[in-house]
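Chain by chain, the residues:
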Amino acid sequence: MRVVVDLNRCQGYAQCAFLAPDVFEMHGEEALLYKPRPDEAFREEVARAVAACPVQAILVDRLDEAVTAGEASDAR
Amino acid sequence: MPADGYLERLKRDGRIVVVGASLAGLRAAETLRTEGFAGTLTMVGDEPYEPYDRPPLSKGVLLGRTTPDHTALPRRTALEADWRLGTAATGLDMAAKRVRLADGEEVEYDRLLITTGVRARPWPHEGEAGLDGVFVLRTRDDATALHKRLVDGPRRVLVIGAGFTGSEIASACRERDIPVTVAERGAAPLVGALGGVVGAVAAELQREHGVDLRTGVMVTGLEGDSAGRVRAAHLSDGSSVEPDIVVVALGATRNTEWLAGSGLGAGPRGIACDAGCRAFDIRGIVTDDIFVAGDVARSPHPLFGYQFLSLEHWGNAVSQAETAAHNMLCASVDRRPHMWVPAFWSSQFGVNIKSVGVPSMGTELLISQGSLAERRFVGVYGYQDRVIGAVTFDQARWLPFYEHLIETTAPFPPSFPTVDRRPEGARSVPAEFPDPSVPTHGPTVTLSGYSPADRRMTFTPGRH
Ligand SMILES: Cc1cc2nc3c(=O)[nH]c(=O)nc-3n(C[C@H](O)[C@H](O)[C@H](O)COP(=O)(O)OP(=O)(O)OC[C@H]3O[C@@H](n4cnc5c(N)ncnc54)[C@H](O)[C@@H]3O)c2cc1C
Ligand code: SF4
């Protein structure tokens, strides 16, 4: 799955790092580092983080549609 | 022909071409589809990859937390686009409404969106730039190549230019315990974007983390060994450094060459557009079928005296792309202006640095919360007695408040008491920006005057 965080919005409250520690981690006091392509297995964890983020900064691709193969060379 | 009839047909079976398939191009395409565009959508991109995110390339990727091929951007909606990836646009015929592609094909459009962004400014001496071990960092391929060499455990990395990208690269090297020298011709890192007072804090941060920081110097030449690998760099103060990797971080050049001779108002400073993202032609007349967004655009901003602003900012690309896409499908009365307040983030040496507004327009700086010495503060920039920008070091949660002050042109210095105000926040000091006519290391905000045409300007690239 794919994730991007709008780090202009993010205020470093770390709810995501608490709820999905395999994907989001704090780097220093308030900078956020995250895995932009976590394993599909973490989808539920990430969904909880998305819901908990107080500023709705986390964007995830939609579950029901994988990018169609052949659309782009990287579509795996 | 009633305009709404035309728009209806455009939405139903028109042809929209997006040139530049990155952040702005993708977000615009998604907006076109969610706003009901059902016609043919062509996405032209010269990179062979689907749209990916660049900020991780100088952060998580170099730290090994993720890989360059894992940065593809999430899709919010199905695009059903005709993707022409790995194919550059090479020309534009405005009269025939056609984009020429590198493979010789031509694509016709009813509406065109240009989001060709910028590219890294290479080391100016071609022979030296071609030495093995000399890198720039803008693309996925750049990041792959650089990361591979960092993993090999270089003896020393030399970063030329201490803007945001250069500083982030240096930070990643130190975190990997790689010896690193940073050469910056300004007085401190980040001076172009944040001024000398805040730059001094960035300099302390670098030195504390073991960076060999050399300021006020230029790299005058790179030297290779007999096998063509870089082995030394000579500096203007007569000293030299012996790196086996050199990263050139001297800012960016706008990707507008493909528009040369097209009649569009495109040049080294970008493509001028109005507040509604419509491109100007070289006569200064606004077009009605060509739109621009993202790093390649320069657009007038009401909060900053309607000067044209070029912003190399992630958030600007997103916001301007959404506005452009919306306006592409609208009658004039329903169009929206792009009024985004500039905002930027960077993380380096464990500190989260964020800014809003245009700090580089500021002449005065007030530390309104926290303290420079603790590297935890809010700095407010003033210009002609109003608040024009703000920066935070590990104080991001206060930023929306300052954004509001900028939006409402609040007076500077701010008259209210603030949480955690220290003695140093009692009065403002000069913000210490270098002379803007001397580009240092590619500032990420460029003010480019009032003229939509780009003909009269002479461009002085950041010579080092
Ligand atoms: C290493 C790095 C770190 C960054 N970190 C931050 C950060 O921390 N915070 C922040 O706010 N911003 C950051 N940015 C800036 C941010 O990534 C950009 O603002 C954003 O990518 C702009 O998107 P864009 O779509 O306008 O342009 P770009 O991402 O530059 O995309 C333009 C695309 O068009 C393609 N193209 C060019 N010419 C042609 C042509 N003739 N035909 C076809 N295709 C063409 C290019 O190859 C490219 O793929 C960073 C950028 C880099 C490189
Ligand atoms: S929960 Fe949201 S605001 Fe908090 S750190 Fe995560 S992304 Fe940022």
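Residues numbered from 1 in each chain as written. Chains lettered and ligands numbered in written order. Predicted model: local features only at pLDDT ≥ 70, side-chain atom pairs only at ≥ 80, totals over all residues. Heavy atoms only, no water.

Under the present numbering, the feature "domain: FAD/NAD(P)-binding" (unreviewed entry) in UniProt falls on residues 15-321 of chain B. Helix and strand shares over residues 15-321 of chain B are 21% and 30% respectively, and the end C-alpha atoms of the span are 18 Å apart. (UniProt positions renumbered as here; feature names shortened; annotations may be inferred. Helix = DSSP H or I, 4+ residues; strand = E, 2+ residues; numbered from the N terminus.)

All names here are of chain B. Taken together, 31 residues lie near ligand 1, and S22, D46, E47, R54 and K59 sit nearest. In the model, an oxygen atom of ligand 1 is placed 2.7 Å from a nitrogen or oxygen of the S22 side chain. In the model, an oxygen atom of ligand 1 is placed 2.8 Å from a nitrogen or oxygen of the R138 side chain. Protein chains bury 95% of the 1,000 Å² of accessible surface belonging to ligand 1 in isolation. (Near = heavy atom within 4 Å. Polar contact = N/O pair within 3.5 Å; in protein donor to acceptor, adjacent residues only side chain to side chain. Areas by Shrake-Rupley, 256 points an atom, 1.4 Å probe, with all protein chains shown as cover.)

So, about the sheet that holds strand β1 (residues 15-19) of chain B. Residue and element names in this part refer to chain B. One open sheet holds the six strands; their spatial order is β3-β2-β1-β7-β21-β20, and the pairing between them is mixed. Two strands bound the open sheet, and with one partner strand each, they are β3 (82-85) and β20 (278-280). Averaged over neighbouring strand pairs, the angle between their axes works out to 30 degrees when direction is ignored. Strand direction decides the pairing type here: strand β7 (residues 111-114) and strand β21 (residues 286-292), joined by three bridges, are parallel. Along β21, the bridge assignment pairs I114 with V292. Where helix α2 (residues 23-34) meets the sheet, its contacts fall on β1, β2 (40-45) and β7, and the angle it forms with β2 comes to roughly 175 degrees. Running at roughly 140 degrees to β21, helix α7 (residues 314-328) makes contact with β1, β7 and β21 of the sheet. (Pairing = 2+ DSSP bridges. Axes fitted to C-alpha atoms, helices over the stretch in contact; angles between N-to-C directions. Contact = heavy atoms within 4.5 Å.)

In this section: the site of ligand 2. Residue and element names in this part refer to chain A. As a structural note, the neighbourhood of ligand 2 is formed by 13 residues, with C10, Y13, A14, C16 and C53 the closest of them. The site holding ligand 2 turns out to be the second largest cavity. For the shell around ligand 2, the residue count by class is 10 nonpolar, three polar and no charged. (1 Å grid on protein atoms, 1.4 Å probe; cavity = no way out; pocket = protein on both sides within 12 Å on 5 of 7 lines; lining within 4 Å. Sits in = over half its atoms within 2 Å of the grid points. Nonpolar A, V, L, I, M, F, W, Y, C, P; charged D, E, K, R; others polar.)

Residue and element names in this part refer to chain B. Of note, the bond from F412 into P413 is cis; its omega dihedral lies within 30 degrees of zero at -5 degrees. Here P413 lies in the loop between α8 (399-407) and β29 (429-430). Of note in the backbone geometry, F349 takes a positive phi value of approximately 50 degrees without being a glycine. For F349, the position within the fold is in the loop between β24 (343-348) and β25 (351-357). Residue class for F349 comes out buried when judged on its relative accessible area of 7%. With a phi close to 65 degrees, D385 is a non-glycine residue in the positive phi region. Topologically, D385 is positioned in the loop between β27 (376-383) and β28 (386-393). (Buried < 20%, exposed > 50% of the residue type's maximum accessible area, 1.4 Å probe, protein only.)

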